[in-house]
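Remarks on the overall topology
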Amino acid sequence: MKKYTGMLKEYFILNDKASARKQAEELYNCISSISLNFRIGEHPAFIVYCDELLHELQEIRSINQKIWLVSGKLPPVALNQFLRQAVIEEIHQTNEMENIHSTRKEISDEMLVIQNGQKGKRFDGMIRKYDLIMHNEEIPMTACQDVRALYDSFILEEIEKDDPKDIPDGLFFRKGPVIIVKSGTTVHEGIFPESALNQSMEQALSFLNNTDYDPLIRIAAFHYLFGYIHPFYNGNGRMSRFISSYYLSIEKIHYLVSLRLSYVIKSHRSQYYSIFKTTNDSRNFGDLTLFVVQFLRFIREACEQVLTYLKEKNEIILHYQKILHFMDYEDHTKKLLFVLIQVSVCETESLSMKELESISKLSKYMIKKHLEQVNEFLIISHKRKAILYRANLQKLDTAST
């Protein structure tokens, strides 16, 4: 496979600005390139359909198809538990990327509060928005006001708590300039003034929603464009990662993949910021190709991780299904125990009686009656006034020998 070098490297190879500019113009106008109605500094942005880009697109779709096949074999309770854990991990990792302290337990507790119809103390907006991804609900994203509406419902409350000075003060976005500094060095300046910012966002959204181009390319390019525009004083990273996750999910990339994106990006944080820096460089002449390729690699890695994880968990669940098959209990007892087995295999929090009632459609009395039959295979704990249940997998393995 021929490796695409990118215009920044070509600039140093040619060692002549005029020659590099001419090559960039040829690529911009090439039939095998996508020309964006967007400028990176003074240069028009473009993406080349290179071999690596096409390879990543093919790999992502191939692995994604396998994920849907494997996930279709999983019991509903297990799949729901995986999705719940994926949301918790995605919120935790996207916070970590911005050095915002949060724990998985804290996020999990907040999810339960919200599910019970109450308002969460922290991350209420984030949890509710990620929940929309799981339920395949539409989030408008075609105009500047849509981006601002998402921001307000997604993280504005958290931004205001952290520093009220970071609240957007423009019509949609920030009114003032913003400079990103790392280790005392300016690495990027967001688009300014506000009129130029708004125009750039409209152009970026137009490309994101342009169905003439492959959706995965559009998602990857928009992720860069959002970061380049830097529309808000604070929260841009969390916003762009959420938008990427949302668009992946509506393009039939499995929910678990779209909810794995922040984890993969965080594990390659230095590479992530490096490719932003390369693409921003004026000597790169608006070439977005390497950023798009790298972002697609992040998506592919998320696909690979999810597929491996689901295969492993599916095998474990099948193992305990076989054990249950030979146990001498009535069907409802086995079904309840199987629910708790899935919880333990998924390594999620134990289930309350209320949750068991919702899943099994049985009364509290009947659930207690059935669980008494398999008490030796349960791990019972207490949280405040609630009694929580999960399966003891070690005991089940012992019983099968």
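Now for a look at the structure at hand. (Residues numbered from 1 in each chain as written. Predicted model: local features only at pLDDT ≥ 70, side-chain atom pairs only at ≥ 80, totals over all residues. Heavy atoms only, no water.)

What follows deals with the environment of Tyr 255. Assignment of secondary structure puts Tyr 255 in helix α12 (residues 255–258). In this structure the C-alpha to C-alpha distance between Tyr 255 and Val 178, which are 77 residues apart in sequence, comes to 34 Å. Non-local contacts of Tyr 255, meaning those with residues more than four positions away in its chain, are made with Trp 68, Leu 83, Ile 133, Met 134, Asn 136 and Ser 249. (Helix = DSSP H or I, 4+ residues; strand = E, 2+ residues; numbered from the N terminus. Contact = heavy atoms within 4.5 Å.)

The next point concerns unusual backbone geometry. Here the amide bond leading from Phe 192 into Pro 193 is cis, since omega sits at 5 degrees, within 30 degrees of zero. Relative to the helices and strands, Pro 193 is located in the loop between β4 (185–189) and α9 (194–208). A positive phi angle is found at Phe 285, which is not glycine, with a value near 55 degrees. Structurally, Phe 285 is set in the loop between α14 (269–280) and α15 (289–325). Backbone geometry at Lys 361 places phi at a positive 65 degrees, although glycine is not the residue there. With respect to the helices and strands, Lys 361 occurs in the loop between α17 (353–360) and α18 (364–373). A residue is classified by how much of its surface remains accessible, and Lys 361, at 68% relative accessible area, is exposed. (Buried < 20%, exposed > 50% of the residue type's maximum accessible area, 1.4 Å probe, protein only.)

Further remarks concern the nonpolar core. Grouped together as the largest cluster of nonpolar side chains are 130 residues, with contacts concentrated most on Ile 47, Met 239 and Ile 341. At 16 residues, α15 tops the list of elements feeding residues into this core. Leaving out residues up to four positions away in the same chain, Met 239 has contacts with Val 147, Leu 150, Tyr 151, Phe 154, Ile 155, Phe 226 and Phe 232. (Core = buried A, V, L, I, M, F, W, Y, C linked by side-chain atoms within 4.5 Å.)

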